[in-house]
Amino acid sequence: MAKRRLRGWNPPLENINALVASGGPRLLARSRELVVTNGYAANACEAFAANLVGDGIKPSSLIGDADLRDRVQQLWLAWTDEADADGLTDFYGLQAMVAREMFVAGECFVRLRPRRAEDGLLVPLQLQLLQSEMLPFEKTETAANGNRIRCGIEFDAIGRRVAYHFRRRHPGDSTDQGGPVMGMAIPETVRVPATDVLHIYRPIDAGQIRGLPHIAPAMVRLFLLDQYDDAELDRKKTAAMFAGFITKTAPEEPMLGEAEADLDGAAIASLEPGTMQVLLPGEDVKFSSPADVGGGYEAFQYRTLLSVAASLGLPYHLVTGDVRQANYSSLRAELVEFRRRIGQLQHGVIVHQLCRAVWRRWLETAVLSGALDADPATVRPVQWIPPRWDWVDPLKDIQAQVLAMEAGITSRRKVVEATGYDIEEVDRENAADAARATGLGLRYRTSPGETQGARATPATRAEPGNGAGNDTDDGAAATDPATEQE
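An account of the accompanying structure is given in this report. Keep in mind it's a predicted model, so treat the numbers as computed, not measured.

1. Some thoughts on the packing of aromatic side chains
Next up, step 1: With the rule as written, the count across this model stands at 17 aromatic pairs.
Next up, step 2: Their ring planes at 80 degrees and their centres at 5.2 Å tell us that Trp-76 and Phe-91 sit as a pair that is edge-to-face. One end of the pair, Trp-76, is in helix 3 (residues 66-80); the other, Phe-91, is in helix 4 (residues 91-104), with 15 residues separating them in the sequence. Taken as a pair, Trp-76 and Phe-91 share a single burial class, namely buried.
Next up, step 3: Considering the side-chain rings of Trp-79 and Trp-362, the 6.2 Å spacing of their centres and the 50 degrees angle between planes classify their relative orientation as tilted. With a gap of 283 residues between them, Trp-79 in helix 3 and Trp-362 in helix 8 (residues 328-369) connect regions that are remote in the sequence.
Next up, step 4: Given a relative accessible area of 0%, Trp-79 falls into the buried group.
Next up, step 5: What makes Trp-362 buried here is its relative accessible area of 0%.
Next up, step 6: An aromatic cluster is defined as three or more aromatic residues linked by ring pairs; in this entry it consists of Trp-76, Trp-79, Phe-91, Tyr-92, Trp-359, Trp-362 and Trp-384.

2. A few points about the environment of Pro-25
Next up, step 1: Inspection of the secondary structure assignment puts Pro-25 in helix 1 (residues 16-37).
Next up, step 2: A C-alpha to C-alpha distance of 7.6 Å links Pro-25 and Glu-133, two positions 108 residues apart in sequence.

3. Observations regarding the sheet that holds strand 6 (residues 153-155)
Next up, step 1: With respect to topology, 5 strands assemble into an open sheet ordered 4-5-6-7-8, the strand pairing being antiparallel. Strands at the two margins of the open sheet, each flanked by one partner only, are strand 4 (141-142) and strand 8 (189-193).
Next up, step 2: Sheet analysis places strand 4 next to strand 5 (residues 148-150), joined by 2 bridges and oriented antiparallel. Within strand 5, the residue paired with Glu-141 across the bridge is Ile-149.

4. Remarks on the pattern of salt bridges
Next up, step 1: Within the structure shown, the criterion is met by 22 salt bridges.
Next up, step 2: Measuring nitrogen to oxygen at the nearest pair gives 2.9 Å for the salt bridge that ties Glu-101 to Arg-32. Placement of the pair is Glu-101 in helix 4 and Arg-32 in helix 1, with a sequence separation of 69 residues. Take Glu-101 and Arg-32: they sit in the same class, and that class is buried.
Next up, step 3: Put simply, Glu-417 and Arg-413 hold a salt bridge, and the shortest N to O gap is 3.5 Å. In this pair, Glu-417 and Arg-413 both sit in helix 11 (residues 412-418), 4 residues apart, roughly one turn of the helix.
Next up, step 4: Exposure remark for Glu-417: the relative accessible area of 13% places this residue in the buried category.
Next up, step 5: On the accessibility criterion, Arg-413 (34% relative accessible area) is partly exposed.

5. Observations concerning a positive patch on the surface
Next up, step 1: A cluster of like positive charges, contributed by Lys-3, Arg-4, Arg-5 and Arg-7, occupies part of the molecular surface.
Next up, step 2: Assignment of secondary structure puts Lys-3 in the segment before helix 1.

Calculation criteria
Residues numbered from 1 in each chain as written. Predicted model: local features only at pLDDT ≥ 70, side-chain atom pairs only at ≥ 80, totals over all residues. Heavy atoms only, no water. Phe/Tyr/Trp six-rings, centres within 6.5 Å; stacked < 30°, edge-to-face > 60°. Helix = DSSP H or I, 4+ residues; strand = E, 2+ residues; numbered from the N terminus. Buried < 20%, exposed > 50% of the residue type's maximum accessible area, 1.4 Å probe, protein only. Pairing = 2+ DSSP bridges. Salt bridge = Lys/Arg side-chain N within 4 Å of Asp/Glu carboxyl O. Patch = residues over 30% accessible without salt bridge, like charges linked within 9 Å, V, L, I, M, F, W, Y side chains within 5 Å. Areas by Shrake-Rupley, 256 points an atom, 1.4 Å probe, with all protein chains shown as cover. Lys, Arg positive; Asp, Glu negative; His and termini not counted. Charge placed at Lys NZ, Arg CZ, Asp CG, Glu CD.

Shown next, in the form of structure tokens:
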């Protein structure tokens, strides 16, 4: 490691907190600009948020009392529409905003805002999202009470977070009255207890106190590739403006279609359809033949974007939208690995840092306000169901799930929850559908609750009215669709 080839490789032994503290503001500014102006970065951000939270990571209460469980679930569902302090979206929309902030800034702060009874909320609690810039990186000092403040976070003597020192206004928002302008000081901070703040970020290293943008490893390549593409586009546009060049032996004699000279003294001749130009002796025309981008342009773009996708931890086709070289096997192999990583973030970050904390505070507030008559510790057990995965070939996956249930490898509850739904809600809907169909005298090929495995996929379908059964995969004769339910 100390020989000639690696003699110049001497990286500084710095902690991630020191690196983020020194380069945090510049890193944030660059990542936000990149996501706004670069198409690949914007697409990757939306793909990251859509796969991380989708239409929401939703709770399924584990309360044993069915009536109490239904009341809790219904109250929660009604409150999700009032969860946003800004009134722009619901609780699951806030999850998507948190996911985008994790991609761009690496972290997001959620402030729990208790409300008054006269505000008219079902549960007097709302959530306010704060961007990473609201907590100053440069605020590292000793507080008046003796606690240490590191990058805006106040720690007690044993290293517990006790408060966050937020700015009163965003440092880059010039539309906020009284906000910072050029030459003015940064707005003063306000101390908010840690019990009212959720800090959502993915800890990469042990002891890390602030988040690192998810886009950080790909920022340099995305920025340089964008410049290269823009230069190629501008070069092609400039070259396309010149159709040809005319050499004249007598510059004073005008040509057909020649306009007045421009400010640089160069005359421009235009051509119209059907024009036949007679050249004088000694005159010559040379048409423009701009250089092409070359045969290596496509391969270079592919390799660079492949590196970008690897840096982001996203499949290539989700970053670029290019599926020309993809097939069922390659897409599924990519998605399996990607969803394993996403599942890690869902349960280790979004559920643990956001969903559980909000559920706990929401239950306490609901009981204290009288909206829910129960013991908070009794109604606290809950599991969070992530959004369903849509596979490349859903038929094969559903058949595999049915076979796994029939073999006892998995339970029906786990299969239903994998689709992003609550099994008890699905069972109630199935029971209501079956009762309604029976009351109306309707019969279907498969009744709710009746399972059909891979054998339910016929190899050949019988012609209507010929009395022949369908040939199934295991050779058993299928019954008539009109009477199969019986």
